[in-house]
Amino acid sequence: MELEFEIHPNQSGIQIIDPVENVQFSLHTFTPINPTSTSKVDFHFPIDKVTSFITSAIEIPKLMNVFIRSHCGTLIEEYDVSHEKKSLPLRKYNIELTTAPIKLYILVESEITLYRNDDSVVIEFSERTTVDIGARSFHEKPAGTIRTTNKPDDMMRALSLLGSALKTTSCERSFPTLRGHPPTIRLDEELVVPDGLNKPNTEIQLILPPEYDSIFSASTLAYYLGAEVIPGKNPRILSNEFEYSLNGSRGYEQTVNRVLQQIFFLDCLTRTEGFYQVDLYKRDAVESTFDLDFADLYEQPLSTQLTTYLDIPFDSIAKYIPEWPLTTDILPQPENVELLPFVTNNLALTRCISEVNATSSQPSPDFLTDFYRSGFKRSASRRTSEDRIVQPDPAETIEHEWIGRGFPLGANKTTATSYRRRLEYQPPEKSSIDIHVVCNDERMKKEGVVNEFYGFREQLRFNVSINYNLKSEQLRELLTTPIDFFHYIGHIDDHGIRCADGYLDVRSLKNVNVRAFLLNACRSYKQGNALIEKGSLGGVVTLSEVENNAATRVGRSLARLLNCGFPLRVALSIAQDESLTGYRYIVLGDGSLTLVQRESGTPILININSNSDNRFVVELQAFPAPGYEVGTILSPNLQNNSAYYLNWGNIGSFEVSGEELDQFLDLEILPVKDGKNLSWSDEISASDF
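Source: prediction; values computed, not measured.

Chemist: What is the right way to read the packing of helix α15 (residues 548–563) against helix α16 (residues 568–575) from this model?
Modeler: Any two packed helices are characterised by how steeply their axes cross, that is the angle between the axes, and by the distance between the axes. Following both chains from N to C, one finds α15 and α16 inclined at 140 degrees, their axes separated by 9 Å at the closest point. Here α16 runs oblique to α15, going by the angle between their axes. By crossing handedness, the relation of α15 to α16 is classed as right-handed. Contacts from Val554, Ser557, Leu558, Leu561 and Leu562 in α15 reach Leu568, Ala571, Leu572, Ile574 and Ala575 in α16. When grouped by side-chain class, the residues that make up the contact of α15 with α16 number nine nonpolar, one polar and no charged.

Chemist: Would you mind going over the confidence of the model for the protein with me for this structure?
Modeler: Fine structural detail should not be taken from predicted coordinates in areas where pLDDT scores are low. Chain-level pLDDT for the protein is 88 on average; 92% of the residues reach the 70-or-more range. Every residue in residues 361–376 is under pLDDT 50, and counting partners more than four places away or in other chains gives 43 contacts.

Chemist: In this structure, what is going on with the nonpolar core? I would like to understand it.
Modeler: Nonpolar side chains tend toward joint burial in soluble globular proteins. Judged by nonpolar contacts, the single largest core of 77 residues is most densely connected at Leu206, Ile237 and Val286. If you tally residues by element for this core, the top one is helix α4 (residues 252–270), at 10 residues. When residues no more than four places from it in sequence are discounted, the contact partners of isoleucine 237 are Ile204, Gln205, Leu206, Leu221, Leu225, Phe242, Glu243, Tyr244, Leu246, Val259 and Leu310. In terms of nonpolar packing, the next biggest core, distinct from the first, is built from 35 residues, Ile433, Phe462, Leu558 and Leu572 among them.

Chemist: It is not clear to me how the packing of aromatic side chains should be interpreted in this structure. Could you clarify?
Modeler: Aromatic ring pairs are defined here through the distance separating the ring centres and the angle between the ring planes. Here the structure, examined in full by the defined rule, presents 18 aromatic pairs. Their ring planes at 55 degrees and their centres at 5.1 Å tell us that phenylalanine 175 and tyrosine 276 sit as a pair that is tilted. Here the residue phenylalanine 175 occupies a position in the loop between α1 (152–159) and β12 (184–187), and tyrosine 276 occupies one in the loop between α4 and α5 (283–289), the gap between them amounting to 101 residues. For tyrosine 276, a relative accessible area of 15% gives the class buried. An aromatic cluster is defined as three or more aromatic residues linked by ring pairs; in this entry it consists of Phe67, Phe175, Tyr276 and Tyr644.

Chemist: Quick question: what am I supposed to make of the pairing of strand β2 (residues 13–18) here?
Modeler: As a general feature of sheets, a regular strand has side chains that alternate between the two faces. Burial runs high along β2: six of the six residues are buried. Both faces of β2 are covered, namely the face carrying Gly13, Gln15 and Ile17 and the face carrying Ile14, Ile16 and Asp18. Where strand β1 (residues 4–7) meets β2, four bridges bridge the pair, whose relative direction is antiparallel. When the bridges of β2 are listed, glutamate 4 appears paired with isoleucine 17. In textbook terms, the turn of a hairpin is the stretch between consecutive antiparallel strands, and for β1 and β2 this stretch comprises five residues. In this structure, β2 lies alongside strand β3 (residues 23–28), joined through six bridges in antiparallel fashion. By the bridge assignment for β3, isoleucine 16 is matched with phenylalanine 25. Hairpin geometry of β2 and β3 is characterised by an intervening segment of four residues between the two adjacent antiparallel strands and by a positive phi of about 60 degrees at asparagine 22.

Chemist: Whenever I open this one, the pairing of strand β32 (residues 604–610) confuses me. Can you help?
Modeler: Among the seven residues in β32, five count as buried, and that is most of the element. Relative to strand β33 (residues 615–622), β32 runs antiparallel, the two sharing seven bridges. The residue bridging isoleucine 608 from the neighbouring strand is valine 618, located in β33. Connecting β32 to the antiparallel partner β33 that follows it, the hairpin turn spans four residues, and aspartate 613 within it adopts a positive phi of roughly 55 degrees.

Chemist: Any chance you could explain the pattern of salt bridges here in plain terms?
Modeler: In a structure, side chains of opposite charge can pair up when their charged atoms sit close to one another. Taken as a whole and assessed by the stated rule, the structure comprises 21 salt bridges. A salt bridge links glutamate 243 to arginine 236; the nearest nitrogen and oxygen atoms lie 3.4 Å apart. Look at glutamate 243 and you get exposed, because its relative accessible area is 53%. For arginine 351, the salt bridge goes to aspartate 329, with nearest N and O atoms at 2.7 Å. Here the residue arginine 351 occupies a position in strand β18 (residues 349–352), and aspartate 329 occupies one in strand β17 (residues 326–330), the gap between them amounting to 22 residues. What makes aspartate 329 buried here is its relative accessible area of 2%. Connected through shared salt-bridge partners, Arg69, Glu96 and Lys103 make up one network.

Chemist: What is the right way to read the sheet that holds strand β26 (residues 492–493) from this model?
Modeler: Hydrogen bonding along the main chain pairs the strands of a sheet, whether they run parallel or antiparallel. The strand order across the open sheet built from three strands is β26-β27-β28, with neighbouring strands paired in antiparallel fashion. Where the open sheet ends on each side, the last strands, each with one partner, are β26 and β28 (502–504). As paired strands, β26 and strand β27 (residues 496–499) are joined by two bridges and run antiparallel to one another. Each residue of the ladder has a partner; that of aspartate 493, found in β27, is glycine 496.

Criteria and cut-off values
- Residues numbered from 1 in each chain as written.
- Predicted model: local features only at pLDDT ≥ 70, side-chain atom pairs only at ≥ 80, totals over all residues.
- Heavy atoms only, no water.
- Axes fitted to C-alpha atoms, helices over the stretch in contact; angles between N-to-C directions.
- Helix = DSSP H or I, 4+ residues; strand = E, 2+ residues; numbered from the N terminus.
- Parallel < 35°, antiparallel > 145°, perpendicular 65-115°, else oblique.
- Left-handed = near helix turned anticlockwise from the far one by under 90°.
- Contact = heavy atoms within 4.5 Å.
- Nonpolar A, V, L, I, M, F, W, Y, C, P; charged D, E, K, R; others polar.
- pLDDT = per-residue confidence, 0-100.
- Core = buried A, V, L, I, M, F, W, Y, C linked by side-chain atoms within 4.5 Å.
- Buried < 20%, exposed > 50% of the residue type's maximum accessible area, 1.4 Å probe, protein only.
- Phe/Tyr/Trp six-rings, centres within 6.5 Å; stacked < 30°, edge-to-face > 60°.
- Pairing = 2+ DSSP bridges.
- Salt bridge = Lys/Arg side-chain N within 4 Å of Asp/Glu carboxyl O.

This is the structure we're talking about:
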């Protein structure tokens, strides 16, 4: 399915719809327009679809910075919404919008004036003129499938081709749109490489012991460097200019992960000398502290850049690197080689787990027992010794993924099937987001108000329904109907999902058409796992009993976070803090799945601390998401800020007045934390602190 342009149903302008990513965005005009499709337009940058119309102005209905380029892509100006009106003379411009959920360019030949109009940005032309709108989906598909045997040497050759997806080997590959999804891998009887898949010419080699754990641990680094992976005794990075040992003082695995973080972070700083010459936070501090010349580095070949980067001890630069987004724990067995393209696409730090770690289980984990609170529960079943609940080692990253046996406490359990289904997913022919809430217990109606938390986004079309006390046949019909999100409130036990007339066991269904779900009931992980096996992409489940009031708090918070564009995995990590029993919930399947995209780009969590004299310290924590993966930049509309920040971890602190805080909170609905309490920007103001 391809991008669609439609006339806006409620006002003058157009809607750009990406049915695969389930997102849409609007551009408004001051008078009605008559858009026509065209393909004979050169935008310099890759474009999926183009439409043209005549207008005197375009209004972008969100505050965002705008890059103004020449027709050939050279950056001329950046319009910052914190600045006054900007006017530019007559010429042909390529205007790039920075935080729309679809990549958008506006091609026009005219004098232009840009200015802020309350909560929007207006691009005004000197007269009515023809504009071309170019759109590109953020959806990425692999270029092919590599087949490999279970022999380490063959796996190394397969890994050497993951970098074929890189659209550049310059430091700009740290932008997610210039990386590309690696080719998939399938385990087979012989090594087969599709025509057209070639290793990039980086002249970088990774010498690794021919063992599964060594290969798996270095997969993300191999992809990002576009390196050739070669068997050898001592693990190291090798080029014609330098050699760097991967046997660091903290061991091979941690050294590999540190090297990846250091190279990627410094690439993000170096690239500010290229297409996006922005004021990037931390660049000046790093440049002066370590005597780096980024202008010179930008012009150097990759091997020279790596030499300079890795001359800096990691412990010295670590405090400048934001907390990494994701750690993936993986069981290093041959069949799991099929997961590596997805792990590397996420730029995950990889840890190999042992068979013992992957199968150790606790029928009644102490962690859960310690935090259990009595009260009305959402289950009537008892745990059996066959239920494998595993407790992974804590990860020093924002998110944590598990590829192994059992159901992991505090991590997202995923499989190759889950990831492949994301690539193969074809949305039904509809433009709305369908959400169904089912409450099958009268005593739980308090959580039923979540239907009010879904669908309050102006730029999106929602179809939200709530049903009470469905019978098993009605639930069966619902689960086999194409819907985007299924939020279940009720009871689940060994027999299945409790209905008004008995039970429905998802394991008995041939397939389901539910894209994502929340099963907010006790020990729902078996039924959730069945939903994943039968066709769902991802969902949230519980590992043990959940007390009703606690489940209600978690469910309501999850609903709002998902509606604000947070991925499943991140939304759950925030919502868990709403209850002492929140850590009984985990994500199954694709934890990066989003119900919608955030209105203004990367999902943000606001932390507020009151200072004195009506001053407040605002800390912003950013979370990469589809369309805004790690390496994206953002510029918060706060305190006349004009700097850009990398989009993961704690991006910085801002001291603001009460008036400035209220203006920021009014921009859009975002989660806000005051200590441990979670609230929402549309419910509070500076006076509440």
